[in-house]
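Residue strings, one per chain:
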Amino acid sequence: QVQLVESGGGLVQAGDTLRLSCAASGLTFSTYAMGWFRQAPGKERDFVAAITSSGSTMYIADSVKGRFTISRDNARNTLYLQMNSLKPEDTAVYYCAANPDRYSTSKYPTHYSRWGQGTQVTVSS
């Protein structure tokens, strides 16, 4: 079955760096656009970044632009989120998601058909 498994989260201090990974299985990874979302306690799930199936086009949310980078390795069936200069407001559960529209960089969760279980990122001040 389809599995998206996030890893790389943890507890860090403000200004630190983390790299999240999302390992995909059970789907043809190279034909899916992918995205990262995050959800803080008591808040809605927010868009973070998206990337087309080939990796040629990315879309980054304004809230993290200049600090976060999305990338993918189709040979390894893995999606990445490089997070630099972390802030306490980045604290959330981070989810990766797969979008069957390979050319999409959608920010809408409803456009994504598969989701991982999430990984916690906590940034202390």
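Residues numbered from 1 in each chain as written. Predicted model: local features only at pLDDT ≥ 70, side-chain atom pairs only at ≥ 80, totals over all residues. Heavy atoms only, no water.

K.L.:
Go over the side chain of D90, please, and point to the residues and values.
P.N.:
For D90, the location among the structural elements is in the loop between β8 (78-83) and β9 (92-99). One polar contact links D90 to R67, side chain to side chain, over a distance of 2.7 Å. In contact with D90, other than residues within four places in its own chain, are R38, V64, R67, F68, S85, V121 and V123. (Helix = DSSP H or I, 4+ residues; strand = E, 2+ residues; numbered from the N terminus. Polar contact = N/O pair within 3.5 Å; in protein donor to acceptor, adjacent residues only side chain to side chain. Contact = heavy atoms within 4.5 Å.)

K.L.:
Describe the pattern of salt bridges, listing the residues and the values that go with them.
P.N.:
Tallying each qualifying case throughout the model produces four salt bridges. With its nearest N and O atoms 2.9 Å apart, the salt bridge here joins D90 to R38. Of this pair, D90 sits in the loop between β8 and β9 while R38 sits in strand β4 (residues 33-39), and the two are 52 residues apart along the sequence. For D90, a relative accessible area of 0% translates into the label buried. By relative accessible area, which is 11% here, R38 ends up buried. One salt bridge connects D90 with R67, and the closest N-O pair in it is separated by 2.7 Å. Note that D90 is positioned in the loop between β8 and β9 and R67 in the loop between β6 (58-60) and β7 (68-73), a separation of 23 residues in sequence. Of the two residues examined, D90 and R67, each falls in the buried class. Among the charged side chains, a salt-bridge network with shared partners connects R38, R67 and D90. (Salt bridge = Lys/Arg side-chain N within 4 Å of Asp/Glu carboxyl O. Buried < 20%, exposed > 50% of the residue type's maximum accessible area, 1.4 Å probe, protein only.)

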